[in-house]
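Observations on chain architecture
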Amino acid sequence: PQVPAPDLAGVRAALTEATGLGAPGAMARFDGPDGALSEVVGEREAGSGEPMDTEARFRVGSVTKSFSAVVLLQLVGEGLVGLDDPVEAHLPGLLPDDRITVRHLLSHRSGLYDYSNDMFAQTVPGFEAVRDAVYPLEELVALSTAQPLTVEPGAAYAYSNTNFVVVGLLVEHLTGLPLAENYQERVIGPLGLTETAYVHPETTIPGAHIDGHLTPDEPGEPLVDSTEQTVSWAQSAGAMISSPADLNRFTSALLGGELLAPEQLDAMLEMAPTDDTGTRHYGLGLRRYDLSCEVSVYGHTGTVQGYYTYAFSTEDGARSLAATANTSNNGVVNTALGDTLEAAFCGAESV
Ligand SMILES: C[C@@H](NC(=O)[C@@H](C)NC(=O)CCCC[C@H](NC(=O)C[NH3+])C(=O)[O-])C(=O)O
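Notes on the structure in this doc start here. Owing to the predicted nature of the structure, the values given are computational and were not obtained by experimental measurement.

**Observations regarding the sheet that holds strand 2 (residues 35-42)**
Reading across from one edge, 2-1-12-11-10-9-8-7 is the order of the eight strands in this open sheet, with antiparallel pairing throughout. Two strands close off the open sheet at either side, each with one partner strand: strand 2 and strand 7 (272-273). Note: strand 8 (residues 280-282) against strand 9 (residues 287-290), three bridges, orientation antiparallel. Bridging across to strand 9, His281 finds its partner in Arg288. The sheet strands contacting helix 1 (residues 8-20) are strand 1 (25-32) and strand 2, and the helix crosses strand 2 at an angle near 30°.

Next comes the structure, spelled out in structure tokens:
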């Protein structure tokens, strides 16, 4: 079918709405057959007068989960681990139920409780309590296993950061290498993602970057600068730093088959519904959004203190969009930012 040109006015309108609803700034970059197109609105740092910059870096939150899934699926392809292996076979004693498999972790079907629910019940105090903390991955898992499973393993989709913390432990165990080296050697280096870095537990974002602004729970309270943090509370579930161009390169390369053998990419794309809309699905470390124009896009969303991110590509990898707003804990901003997907991939309303 004829591919619609991106509706840049629509992308800009969504970014403008996001800034009108509380984000100091928002930006998007579309990469397609005719090259790259970018839109920026507002400020990279509240009050600075400095514009957003699609060459700058920011914290991508759970888009990290797709990076972690790629590394683990490469290890599956190399025969070091099986998708239906019990985690117990590789990390004995870590989890309370030996029915939990590697596939359950990657598809959020393990039932493992999400420790971040308690950490961030109160947004700003929760953030201040962890922003300089450094956690061994095992400690995060222990926070989870102190609570009962939320579903029987495999029975239902139940999103949990804990799943990708265990994925991180598996990657380090299977390779004998730290996460940062695995990301660098298996994804960042091969794709030439020069603006992408996993610097945990460093708190600073290397190079030119966008500031993060955390919205307090209390209406009217001033934004809290959340640019610097270890993100140790998330690590392999959310600590990656990247840029719009690199995110588009990553999602396009992933869907285009540059990172995984066909068998593992097919497994990643085996989708199950995440809600009752029928338009939102999750595979293995990857979301699928079904847009109004019969186009499905694949990628991940991200929410980390001060940053919302969408990073999606068409199934053939030919078109990709990365969008970010530099605030969080503000649902209407996140929804407005998400409207960039329809504008970018479905084009202007058919007249
Ligand atoms: C949803 C997204 N998940 C992620 O990106 C992961 C890494 N983020 C979280 O689990 C949210 C932590 C709290 C953020 C805080 N919220 C609160 O503190 C709420 N009390 C904030 O909004 O900054 C995804 O997978 O798409």
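**Examining the site of the ligand**
As a matter of local geometry, the ligand sits amid 20 residues, with Ser62, Phe120, Tyr159, Thr301 and Ser328 nearest to it. Within the side chain of Asn161, a nitrogen or oxygen atom sits 2.8 Å from an oxygen atom of the ligand. The contact in question runs from an oxygen atom of the ligand to an N or O atom on the backbone of Asn329, over 2.8 Å. About the coverage of the ligand: the protein hides 82% of its 630 Å² of free accessible area. For the shell around the ligand, the class distribution of residues is six nonpolar, 12 polar and two charged.

**Some details on the pattern of salt bridges**
Under the criterion given, the structure shown has 10 salt bridges. A salt bridge links Arg103 to Asp84, with the nearest nitrogen and oxygen atoms 2.8 Å apart. Of this pair, Arg103 sits in helix 3 (residues 102-106) while Asp84 sits in the loop between helix 2 (63-77) and helix 3; the two residues are 19 residues apart in sequence, bridging distant segments of the chain. With a shortest N-O distance of 3.1 Å, Glu258 and Arg249 are connected by a salt bridge. Among the charged side chains, a network of salt bridges with common partners joins Asp84, Arg103 and Glu270.

The rules behind the values
- Residues numbered from 1 in each chain as written.
- Predicted model: local features only at pLDDT ≥ 70, side-chain atom pairs only at ≥ 80, totals over all residues.
- Heavy atoms only, no water.
- Pairing = 2+ DSSP bridges.
- Helix = DSSP H or I, 4+ residues; strand = E, 2+ residues; numbered from the N terminus.
- Contact = heavy atoms within 4.5 Å.
- Axes fitted to C-alpha atoms, helices over the stretch in contact; angles between N-to-C directions.
- Near = heavy atom within 4 Å.
- Polar contact = N/O pair within 3.5 Å; in protein donor to acceptor, adjacent residues only side chain to side chain.
- Areas by Shrake-Rupley, 256 points an atom, 1.4 Å probe, with all protein chains shown as cover.
- Nonpolar A, V, L, I, M, F, W, Y, C, P; charged D, E, K, R; others polar.
- Salt bridge = Lys/Arg side-chain N within 4 Å of Asp/Glu carboxyl O.

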